[in-house]
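Spelled out, the chains give:
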Amino acid sequence: MGNVITRPTWFLADASFDWLYPERIQRMSGRHWTPLSIARKAAAFLAEEGKKVLDIGSGVGKFTLIGAHYNPRTFFYGVEQRSELHHYALAAQEYTRTENAAFFNLNFTQVNLAAYDHFYFYNAFFENLDVNDRIDHNIEYSDSLYQYYTRYLFRELNKKPAGTRLVTFHSLEDEIPPGYELKEASADFMLKMWVKR
Ligand SMILES: C[S@@+](CC[C@H](N)C(=O)[O-])C[C@H]1O[C@@H](n2cnc3c(N)ncnc32)[C@H](O)[C@@H]1O
């Protein structure tokens, strides 16, 4: 039998994508990482040729890598505070040979948000309010940290120019300035797509 060339199936289903990660990370997927169908929809809304999309709190890179795969002319970035998750994002990027993506292991407050065009936000700061289902117990959680991050992001989004796109998933909407207009939402209203006026 000759060489059998199979096309990688990572980007076709959640289960196959999650195989890029260790079992412990796979088990967190349903609760903490964006489902593939949502990531595709969100990324399609944010993608624009030559522009930069930033995932604020990128975890193991699921949204960023799916976005980059399906939108090869847009650059997708992810910023993640936890070094372990950042490491898994880099490993998955290498494995999938995704070129139009990059990851930073930083708190999002250390990133110059002015340098990015459009943003994805999957309720990253909620872990400060939610005592159940935390990713780990290695960082400090507090209500005041939720307030601080939320206000910080609100101010930064408020400074962005008209036309800036934002997608939120499971957001409490505290971080969204009034200038952002809701353009589309999923039937359950968990996924929302906004454009700044
Ligand atoms: C709900 S997960 C979403 C992961 C990823 N965006 C996705 O959709 O697959 C939120 C992530 O935000 C990260 N995070 C929370 N606060 C952060 C902060 N201040 N700076 C950077 N990352 C943060 C958490 O560590 C977690 O990995």
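What you see is a predicted model; the values in this text were computed from it and never measured.

**Describing the pairing of strand β4 (residues 118-121)**
- Here β4 shows two buried faces, one formed by His-118 and Tyr-120 and the other by Phe-119 and Phe-121.
- With three bridges joining them, strand β1 (residues 52-56) and β4 adopt parallel strand pairing. Each residue of the ladder has a partner; that of Asp-55, found in β4, is Tyr-120.
- Pairing between β4 and strand β5 (residues 165-169): three bridges, direction parallel. What sits directly across from Phe-121, in β5, is Thr-168.
- Remark: the β4/helix α7 (residues 143-159)/β5 crossover connection has right-handed handedness.

**Points about the packing of helix α4 (residues 36-46) against helix α5 (residues 62-70)**
- Two numbers describe how α4 lies on α5: the axes approach to 9 Å, and their chain directions differ by 60°. With respect to their mutual orientation, α4 and α5 come out oblique. Between α4 and α5 the crossing geometry is right-handed. Judged by residue contacts, Leu-36, Ala-39, Arg-40, Ala-42, Ala-43 and Leu-46 of α4 engage Lys-62, Phe-63, Ile-66, Gly-67 and Tyr-70 from α5.
- Along the lines of polarity and charge, the residues of the contact of α4 with α5 split into eight nonpolar, one polar and two charged.

**Observations regarding the pairing of β1**
- With respect to burial, β1 is a largely interior element, four of its five residues being buried.
- Relative to strand β2 (residues 75-80), β1 runs parallel, the two being bridged by five bridges. When the sheet's bridge partners are listed, Lys-52 is paired in β2 with Phe-75.
- The parallel pair β1 and β2, bridged by α5, forms a crossover whose chirality is right-handed.

**Looking at the nonpolar core**
- Judged by nonpolar contacts, the single largest core of 37 residues is most densely connected at Phe-17, Tyr-21, Phe-63, Leu-65, Tyr-120 and Val-167.
- At seven residues, α4 tops the list of elements feeding residues into this core.
- In this view, Leu-65 contacts Phe-11, Phe-17, Tyr-21, Ala-89, Ala-92, Gln-93, Thr-98, Ala-101 and Phe-103; residues no more than four positions away in its chain are not counted.
- Formed by 21 residues, the second largest nonpolar core is a distinct cluster that contains Ile-56, Tyr-77, Tyr-116 and Phe-125.

**What about the sheet that holds strand β7 (residues 191-196)?**
- Strand order in this open sheet of seven strands is β3-β2-β1-β4-β5-β7-β6, and the pairing throughout is mixed. What marks the edges here is a single partner per strand, and that holds for β3 (101-105) and β6 (180-185). Going across the sheet, the axis of each strand differs from the next one's by a mean of 20°, ignoring polarity.
- Packed on one face of the sheet, α4 meets β1, β2, β4, β5, β6 and β7 and runs near 165° to β5.
- Lying over the sheet, α5 contacts β1, β2, β3 and β4, oriented at roughly 175° with respect to β2.

**Some thoughts on the side chain of Ser-171**
- With respect to the helices and strands, the residue Ser-171 is situated in the loop between β5 and β6.
- Residue Ser-171 is classed as buried on the basis of its relative accessible area, which comes to 15%.
- Among the polar contacts listed, one links the side chain of Ser-171 to the backbone nitrogen of Glu-173, at a separation of 2.7 Å.
- Among residues more than four places away in sequence, those in contact with Ser-171 are Asn-123 and Ile-176.

**Examining the site of the ligand**
- Near the ligand, the surroundings consist of 24 residues, among which Thr-34, Asp-55, Gly-57, Glu-80 and Arg-82 are the closest.
- Interatomic distance of 2.8 Å between a side-chain N/O atom of Asp-55 and a nitrogen atom of the ligand.
- Residue Phe-108 places a main-chain N or O atom 3.0 Å away from a nitrogen atom belonging to the ligand.
- A total of 600 Å² of accessible area belongs to the ligand in isolation, and the protein chains cover 98% of it.
- A molecule is said to occupy a pocket when more than half its atoms come within 2 Å of that pocket's grid points, and by this definition the ligand occupies the largest pocket.
- Of all the secondary structure elements, the ones that give two or more residues to the shell around the ligand are α5 and β2.
- A breakdown of the residues in the shell around the ligand according to their chemical character gives 12 nonpolar, seven polar and five charged.

Definitions and limits used
- Residues numbered from 1 in each chain as written.
- Predicted model: local features only at pLDDT ≥ 70, side-chain atom pairs only at ≥ 80, totals over all residues.
- Heavy atoms only, no water.
- Buried < 20%, exposed > 50% of the residue type's maximum accessible area, 1.4 Å probe, protein only.
- Helix = DSSP H or I, 4+ residues; strand = E, 2+ residues; numbered from the N terminus.
- Pairing = 2+ DSSP bridges.
- Right-handed = clockwise from strand over helix to strand, strands pointing away.
- Axes fitted to C-alpha atoms, helices over the stretch in contact; angles between N-to-C directions.
- Parallel < 35°, antiparallel > 145°, perpendicular 65-115°, else oblique.
- Left-handed = near helix turned anticlockwise from the far one by under 90°.
- Contact = heavy atoms within 4.5 Å.
- Nonpolar A, V, L, I, M, F, W, Y, C, P; charged D, E, K, R; others polar.
- Core = buried A, V, L, I, M, F, W, Y, C linked by side-chain atoms within 4.5 Å.
- Polar contact = N/O pair within 3.5 Å; in protein donor to acceptor, adjacent residues only side chain to side chain.
- Near = heavy atom within 4 Å.
- Areas by Shrake-Rupley, 256 points an atom, 1.4 Å probe, with all protein chains shown as cover.
- 1 Å grid on protein atoms, 1.4 Å probe; cavity = no way out; pocket = protein on both sides within 12 Å on 5 of 7 lines; lining within 4 Å.
- Sits in = over half its atoms within 2 Å of the grid points.

By themselves these figures say nothing about function.
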